[in-house]
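# Topology and contacts: notes
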Amino acid sequence: MSGVTERRRQVSRPGYKAAAGVFAVGMMGTTLPTPLYGLYRQEFGFSELIVTVVFAVYAVGVITALLIAGGFSDVLGRRPVLLGALALAALSAVCFLTAGGLPLLYVGRVLSGFSAGLLSGTGTATVLDLAPPGRRARAGLAATAANMGGLGLGPLVSGLLAQYAPWPLKLPFIVHLTLLAIATAVTWLLTETVHHCGPRPPLRPQGMKVPPEVRGVFAPCSLAAFAGFSLLGLFTAVAPAFLAQTLGERNLAVIGAVVFCVFGASTCGQVLMGRVGARRALPLGCLVLVAGLLLIAASLLLTSFPVLLVGAVTGGVGQGMAFRAGLTAVGSAAPQEHRGATISAFFVVAYVGISLPVVGVGALTEALGVRDAGLVFTACAVVLVAAVGVHVRLHPPQERA
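The written sequence of each chain sets the order in which its residues are numbered from 1. Owing to the predicted nature of the model, reporting of local features is limited to residues with pLDDT of at least 70; listing and counting of side-chain atom pairs is limited to 80 or more, with chain, interface and lining totals taken over all residues. In computing side-chain properties, one takes all heavy atoms of the structure into account and sets aside hydrogens as well as water.

## Description of the overall build of the chain
Using the following cut-off: For helices the rule is a DSSP run of H or I covering at least 4 residues; for strands it is a run of E covering at least 2, with both sets numbered from the N terminus onward. The buried label goes to any residue with under 20% of its type's maximum accessible area, the exposed label to any with over 50%, and the partly exposed label to all in between, with areas taken from a 1.4 Å probe on protein chains only. Contacts are assigned to residue pairs with any non-hydrogen atoms lying within 4.5 Å of each other. Only the protein chains shown count as cover for residues, with accessible areas throughout obtained via the Shrake-Rupley method and a probe of 1.4 Å. Lys and Arg are tallied as positive, Asp and Glu as negative. Neither His nor the chain termini are counted. To locate a charge, take NZ of a lysine, CZ of an arginine, CG of an aspartate or CD of a glutamate.
For the chain, the count of helices and strands is 16 helices and 0 strands. Projected onto the principal axes, the alpha-carbon positions of the chain cover approximately 70 × 50 × 35 Å. Within the chain, the fraction of its 401 residues that count as buried is 56%. A separation of at least 24 residues holds for 87% of the contacts in the chain among residues at least 6 apart in sequence. Counting only carbon and sulfur atoms, one obtains 68% of the accessible surface of the chain, whose full area is about 15,500 Å². When the 26 basic and 12 acidic side-chain charges of the chain are each reduced to a single mean position, those positions are 9 Å apart.

## Thoughts on the packing of helix α10 (residues 215–237) against helix α16 (residues 370–394)
As a reminder of what qualifies: In this analysis, axes come from line fits to C-alpha atoms, helices being fitted only over the stretch in contact, and the angle between any two N-to-C directions falls in the range 0 to 180 degrees. We call two directions roughly parallel when the angle between them is under 35 degrees, roughly antiparallel when it is over 145, roughly perpendicular when it lies between 65 and 115, and oblique otherwise. In this scheme the crossing of two helices becomes right-handed for a clockwise turn of the near helix relative to the far one and left-handed for an anticlockwise turn of less than a right angle.
It is the contact of α10 with α16, at a shortest axis distance of 9 Å, that shows an interaxial angle of 160°. Considering their axes alone, α10 and α16 lie roughly antiparallel with respect to each other. In the crossing of α10 with α16, the sense of the turn from one axis to the other is left-handed. On α16, the residues touching Pro220, Leu223, Ala224, Phe226, Ala227, Ser230 and Leu234 of α10 are Phe377, Thr378, Leu384, Val385, Val388, His391 and Val392.

## Looking at the confidence of the model for the chain
Rules: The quantity known as pLDDT measures the predictor's confidence residue by residue, on a range of 0 to 100.
Per-residue confidence for the chain gives a mean pLDDT of 85; residues scoring 70 or more make up 93%. The least confident element of the chain, judged by mean pLDDT, is helix α1 (residues 2–11) at 42; the most confident is helix α9 (residues 171–189) at 97. Confidence drops under pLDDT 50 across residues 1–10; counting only partners more than four residues distant or on other chains, this segment forms 1 contact.

## Brief notes about unusual backbone geometry
Residue Trp167 is not a glycine yet carries a positive backbone phi of 50°. Relative to the assigned elements, Trp167 resides in the loop between α8 (136–164) and α9. A positive phi angle, near 50°, is found at Thr303, a position not held by glycine. Following the sequence through the fold, Thr303 ends up in the loop between α13 (278–302) and α14 (305–333).

## Considering the packing of α8 against α14
The packing of two helices is summarised by the inter-axis angle and the distance between the axes. Note the following rule: Here the nonpolar group is Ala, Val, Leu, Ile, Met, Phe, Trp, Tyr, Cys and Pro; Asp, Glu, Lys and Arg are the charged ones; every other residue, Gly included, is treated as polar.
Following both chains from N to C, one finds α8 and α14 inclined at 130°, their axes separated by 10 Å at the closest point. Relative to α14, the element α8 is oriented oblique. The interaxial crossing formed by α8 with α14 has right-handed handedness. Along the contact surface, α8 presents Arg136, Ala137, Gly140, Leu141, Thr144, Asn147 and Met148, while α14 presents Gln319, Phe323, Arg324, Leu327 and Gly331. Looking at side-chain class alone, the contact of α8 with α14 contains 5 nonpolar, 5 polar and 2 charged residues.

## Let's talk about helix α12 (residues 252–276)
What counts here: Expected span, for any helix, means 1.5 Å times one less than how many residues it has. By the criterion applied in these results, polar contacts are pairs of N or O atoms within 3.5 Å in which, for protein atoms, one can donate a hydrogen and the other can accept it, and in which residues neighboring in sequence qualify only through two side-chain atoms.
Given a rise of 1.5 Å per residue, 25 residues ought to cover 36 Å, and the 37 Å separating the end C-alpha atoms of α12 matches this to within 8%. If you check the start of α12, you find a side-chain oxygen 2.8 Å away from the backbone N of Ala253, and it comes from Asn251. Directly beyond the C-terminal end of α12, a positive phi value near 90° is found at Gly277.

## Some details on the packing of aromatic side chains
As a reminder of what qualifies: The aromatic pairing rule takes the rings of Phe, Tyr and Trp, using the six-membered ring of Trp, and pairs them if the centres are within 6.5 Å, calling planes under 30 degrees apart stacked, those over 60 edge-to-face and the rest tilted.
A complete count under the given rule lists 9 aromatic pairs for this structure. For the ring pair Tyr58 and Tyr351, a centre distance of 6.3 Å and an interplane angle of 75° mean the geometry is edge-to-face. Of the two residues, Tyr58 sits in helix α4 (residues 48–69) while Tyr351 sits in helix α15 (residues 339–368), which places them 293 residues apart along the sequence. Judged by its relative accessible area of 3%, Tyr58 is buried. Consider the rings of Phe323 and Phe347, whose centres lie 5.9 Å apart with planes at 65°: the pair is edge-to-face. Remark: Phe347 occurs in helix α15 and Phe323 occurs in helix α14; sequence separation between them is 24 residues. For Phe323, a relative accessible area of 1% gives the class buried. Among the aromatic residues, ring-to-ring pairing joins Tyr58, Phe229, Phe323, Phe346, Phe347 and Tyr351 into one connected group.

## Some thoughts on the nonpolar core
Quick note on the threshold: Side-chain atoms within 4.5 Å are what join buried Ala, Val, Leu, Ile, Met, Phe, Trp, Tyr and Cys residues into a set we call a nonpolar core.
Of all hydrophobic cores here, the largest spans 116 residues; its most connected members are Tyr40, Phe235, Phe346 and Tyr351. Those residues in contact with Tyr351, other than ones at most four positions away along the chain, are Met27, Tyr58, Ala59, Val62, Ile63, Leu66, Ser120 and Phe229.

## So, helix α2 (residues 16–31)
Think of an α-helix as turning once every 3.6 residues; residues three or four places apart then point the same way. Under the 1.5 Å per step criterion, the end-to-end length of α2 is 23 Å for 16 residues, consistent within 8% with the ideal 22 Å. The element α2 is largely enclosed, with a buried count of 13 among its 16 residues.

Below, the structure is given as structure tokens:
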């Protein structure tokens, strides 16, 4: 009788969709400040280079968390690590709420990076673990959509609130703290999927842990993720400044919506990936991404908002296809006991792609201006993405039987 009661209690617990919601809320906070940097520049008087440095500090936090704690959920369990990530996200929001200058902005971004680093691997692994038999493909889509959807909702929500509601530098973070409280309550109810027979393994930094049986899949998939995340870095760091300084578009809601379009299109690309399969989606995603980058370069040359928007959507679709294909292949190939660490290593490569270009664009902006810096970046990105596309076309990942 007790076994039946336990099964019923487990069935009543939130499933993988609820875990995806928690994942999305946590990731939302990492891009919440994107449309607000212009206001912070006016408030504190710093340059465009400092904006990119603040963003890069976040990326360093992500990579550090992934390298040090990427496999902690395989030892401690998914739920405790998720709760820690949500607590760090809340501390980050408090830093932004009370910021009176650059120091707290830096601290807030580092804490946000730590939170995203924990969420990237653990959130994905939790969604996959909670998927019932036969729903792994849907769970993979839910995990990547939660990641990209959360990143897209951040600038959209903060842009709307900052433009049309009071307290533009306060209210977005108050709203996020409320959502984090709800996400924390949901996380407490999630079923723990990590159980150890015998003594718990020692807790130690995992570094870039990729099991030997996964490496053949991991290399091409992580290269595609690197290339795709470089586009996200471009839009997160450069698009708001380009819209404001070159196109004269200073409406924060519009700026947030443009950035949202990239992440929204990425989610659409992930849906398309399910129809073509991981092997075909990797090179096809890179091809579409190249087309998007060329359109973005054309928008810079023509000073055209419509072309920029089309380039954002096109590039986002390509990024989404390649990203979900890579994450699905890596997550499926990874053994259960190392899934969290392996997925975290995948995100390390992706976030190197989103961080290094941002700093480079910031430095180029100081010397060349926003427009020319964007042109140099897109030219380099086209070469990189084309090379990755050729590589994954010639050496596709072997799908697990």
